[in-house]
Number of protein chains: 2
Amino acid sequence: MILGAIEAGGTKFVLAVGNEKGELKEKLSIPTRTPEETMPEIYAFFRDKNIEALGIGCFGPLELNKEKEKYGYITSTPKLAWSDYDILGNLKKNLKVPVEISTDVSGAALGEVTFGAYEKENTLLYITVGTGIGGGYVIGGKIHNGMLHPEMGHVLVTKNPRDTYNGACPYHENCLEGLAAGPANEGRTGMKGIDIPDDHESFHFIAEYMAEALMSYILVLSPTKIVLGGGVMARTHMLPEIRQILEKKLNGYIKTDQLSSLDSYIVTPSLGAESGIKGALALALMAK
Amino acid sequence: MILGAIEAGGTKFVLAVGNEKGELKEKLSIPTRTPEETMPEIYAFFRDKNIEALGIGCFGPLELNKEKEKYGYITSTPKLAWSDYDILGNLKKNLKVPVEISTDVSGAALGEVTFGAYEKENTLLYITVGTGIGGGYVIGGKIHNGMLHPEMGHVLVTKNPRDTYNGACPYHENCLEGLAAGPANEGRTGMKGIDIPDDHESFHFIAEYMAEALMSYILVLSPTKIVLGGGVMARTHMLPEIRQILEKKLNGYIKTDQLSSLDSYIVTPSLGAESGIKGALALALMAK
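These numbers were taken from a predicted model, which means no experiment stands behind them.

Asker: What should I look at first to understand the pairing of strand 6 (residues 123-129) of chain A in this one?
Answerer: It is a general feature of regular strands that their side chains alternate between the two faces of the sheet. All names here are of chain A. Among the seven residues of strand 6, six are classified as buried, and the element is accordingly described as predominantly covered. Here strand 6 runs beside strand 7 (residues 133-139); their pairing, made up of seven bridges, is antiparallel. By the bridge assignment, Thr123 is partnered in strand 7 with Ile139. Connecting strand 6 to the next strand, strand 7, in antiparallel fashion are three residues. Sheet topology places strand 6 next to strand 9 (residues 225-229); five bridges connect them, and they run parallel. What sits directly across from Leu124, in strand 9, is Lys225.

Written as C-alpha cells, this is what we have:
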C-alpha cells in the first residue's frame, strides 16, 4: 500500500510517503507559510507518488465533527492566514484520495499505538510539551474526541510562590501551557530556550506544573500508558523529576500496577520524533 | 425482560426490579452494614423475582479489569468490612444470573444516556457531589475505564485565600473532594450540612472549586454534555454560580455550540435521584 502522511505544525509541514507497516519511504520538510504558498508545495510533492490515501495530523483548533459544515477546517487559530481554512477539503479536491484528519498530538498518540512499542495499550495518552502543550488520547486504537478535540494544555495549575512569571497564555493566568511550554520559559528567564541551563530553577517549576497536570489527566482518564514528547521533554533530566513529584502528589491514593512503576508508565515516545508523521500514516490507513 | 438493579452506596443499598425500558417495578432500600449482614438481604430480595440479569453500580474503588484475578472485587475502600470483597463473584454465585458491575457514578452516567433525556449524547460526563465527589464518563453508550475507573473527585484545585479550611481528604491537601464534598463543608463550617444556609460564603468556595475542576474535565475529555448530581448540587443556587465562574475561567478560549449555552450544557440529572438505579438496570441489559 502506498500511503501519504502530513504532520502540519506551526513552523513546518512534514510530508511523507510510507506504507501500511509504518515504514517511511520518502520525507520532505517545508516551512509553514500561508495556505497560498504551502498548499501547492504539498500538492506538488504528492502528485506523482500514487498514494492511495492520505492522513494529516494538523495544528488546531480543528472542526472534527463530521456533521458540521466546516468539518476538516482549521478554525480560530492565531496563525491568521490559516484561520477558517478548509484544509481537509482542499487536500481531497487536489489529491483526489480519501483523507483522514486529526490534531497533530492525537495523531502522535495514534502513531504510538499503531506503529510504536505501545500497541498493546488499550488507552494511551500522548502529551507534547514544546512551543505549545497539547494532549491526544487513544482508546482501543481510536482517537478520542468529544464536542471538540481535547485541549489538555490549558488545564489550570497552582503556581509556585517563587515563580514570579505571569504566564504566556493570553486566555488563562495560570494554565499549564502558559507556564510550562517553551515560550513561557523563554519569557520567564529572558533567555533563548536553547541557552537555559538544565539546572535552572525554572525547570523545577515546569516539572511541578507538569506533575500537577498529569495528576489530573490520570484521575480523569486513567490511561494505561502516558507518553511525553516535545522539545521541552527532550531535556532528559525532566522526566525523572516529574515522576517523583507526581508520586508525592498522588500520595498513594490510587493503587495500580502502572502507578507502582512510574518508570514504565510515564515514558518517552517509542517512535522518537516520528510519532507524529507515523501517526499521520495511521490516519491514512483509517481513510482507506 | 425482568432485570435486577443494585445501587450500592456507602450508607444504603438500593435494590430494584425493572425492565429493558428502564421502568422500575419494585424498589427496596436497605442500610449498608457488613457483607455478612447486607448480602443475605440482597439474595433474599432477588430470590423470587425471576430476574434474567443483574446490574450493580457500586462504591469503589473496584477492580474492573476483566483480566485480573480480582475482577469485580471492592478493593482498598475505607469501609473496611467491604475491603477486598468479591461482590461480583458472590452475586453471581448466589443469584445464578449474569451480572455486570461498574462504579456507582459511571452507572449514573450510563443511566442518563440509556434511559434519560440525554440518549443522543455521544459523550456524557456525570459528576456527583455528595458525601464524596466522583465522575463517570460514557462514550458511545459505553462506560470509559482505563487502568482503573476514573477518580475525578481528587483533582487538585487552587484554594481561595479566604478559605482557611484544611481539607477533608487524608491523601491530598487541596483536592476537590476534600474541599467541596458534603463532609468538607461540615468540617469547614462546623455545622450539619442541612443547617448551612444557602447564602453561607462556603458555597462560593465550593462553586469556585467545582468550576475549576469542570474546566479540567472539559479540556481533557471534551464531553458533549455534563450532568451534575448529588446532595450538594441539590442546592439549586449552586449551578448558576458554577456556570458563571466556569465561563470566566475558560475566558472564551474554546468555542463550541455547547459552551456558548452553558445552561443546556451543564445540567441536573434528567432522571433525578434515579440515575444510579436506572444505570444499574442499563448495566443488567449489558450483562444479558
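Asker: Before we go on, may I ask you to explain the interface of chain B and chain A in this structure?
Answerer: Opposite the 45 residues of chain B that make contact, chain A presents 45 residues. Between chain B and chain A, a total of about 3,700 Å² is buried, with carbon and sulfur atoms accounting for 63% of that surface. When the area that chain B buries against chain A is broken down by residue, the three leading residues are Met147(B), Val220(B) and Tyr253(B), summing to 23%. The tally of links from chain B across to chain A stands at two salt bridges. The tally of links from chain B across to chain A stands at 22 residue pairs in polar contact (both at pLDDT 80 or more). Looking at the side of chain B that touches chain A, the elements that each hand over two or more residues are strand 7 (133-139), helix 6 (202-221) and helix 7 (238-250) of chain B.

Asker: Sorry, what's going on with the packing of helix 6 (residues 202-221) of chain A against helix 7 (residues 238-250) of chain A here?
Answerer: Between two packed helices, both the angle of their axes relative to each other and the distance between the axes serve to describe the pair. All names here are of chain A. At a minimum axis distance of 8 Å, the contact between helix 6 and helix 7 shows a crossing angle of 55°. Taken together, the axes of helix 6 and helix 7 are oblique relative to one another. For helix 6 against helix 7, the interelement crossing comes out right-handed. Every residue of helix 7 that contacts helix 6 at Phe203, His204, Ile206, Ala207, Glu208, Met210, Ala211, Glu212, Leu214, Met215 and Ile218 is listed here: Met238, Glu241, Ile242, Ile245, Leu246, Lys249 and Leu250. The residue inventory of the contact of helix 6 with helix 7, partitioned by class, reads 13 nonpolar, one polar and four charged.

Asker: Where do I start with the nonpolar core in this structure?
Answerer: Side chains of nonpolar character tend, in soluble globular proteins, to be buried together. In terms of nonpolar packing, the biggest core is built from 102 residues, with Leu176(A), Tyr217(A), Leu228(A), Leu176(B), Tyr217(B) and Leu228(B) touching the most fellow members. Every residue in contact with Tyr217(B), bar those within four places of it in the chain, is listed here: Val220(A), Leu125(B), Ile127(B), Met152(B), Gly153(B), Val155(B), Leu176(B), Ser222(B) and Pro223(B).

Here is what the cut-offs are and how they apply
Residues numbered from 1 in each chain as written. Chains lettered and ligands numbered in written order. Predicted model: local features only at pLDDT ≥ 70, side-chain atom pairs only at ≥ 80, totals over all residues. Heavy atoms only, no water. Buried < 20%, exposed > 50% of the residue type's maximum accessible area, 1.4 Å probe, protein only. Helix = DSSP H or I, 4+ residues; strand = E, 2+ residues; numbered from the N terminus. Pairing = 2+ DSSP bridges. Contact = heavy atoms within 4.5 Å. Buried area = accessible area lost by both parts, 1.4 Å probe. Salt bridge = Lys/Arg side-chain N within 4 Å of Asp/Glu carboxyl O. Polar contact = N/O pair within 3.5 Å; in protein donor to acceptor, adjacent residues only side chain to side chain. Axes fitted to C-alpha atoms, helices over the stretch in contact; angles between N-to-C directions. Parallel < 35°, antiparallel > 145°, perpendicular 65-115°, else oblique. Left-handed = near helix turned anticlockwise from the far one by under 90°. Nonpolar A, V, L, I, M, F, W, Y, C, P; charged D, E, K, R; others polar. Core = buried A, V, L, I, M, F, W, Y, C linked by side-chain atoms within 4.5 Å.

It is worth stressing that arrangement in space is one thing and function is another; only the former is reported here.
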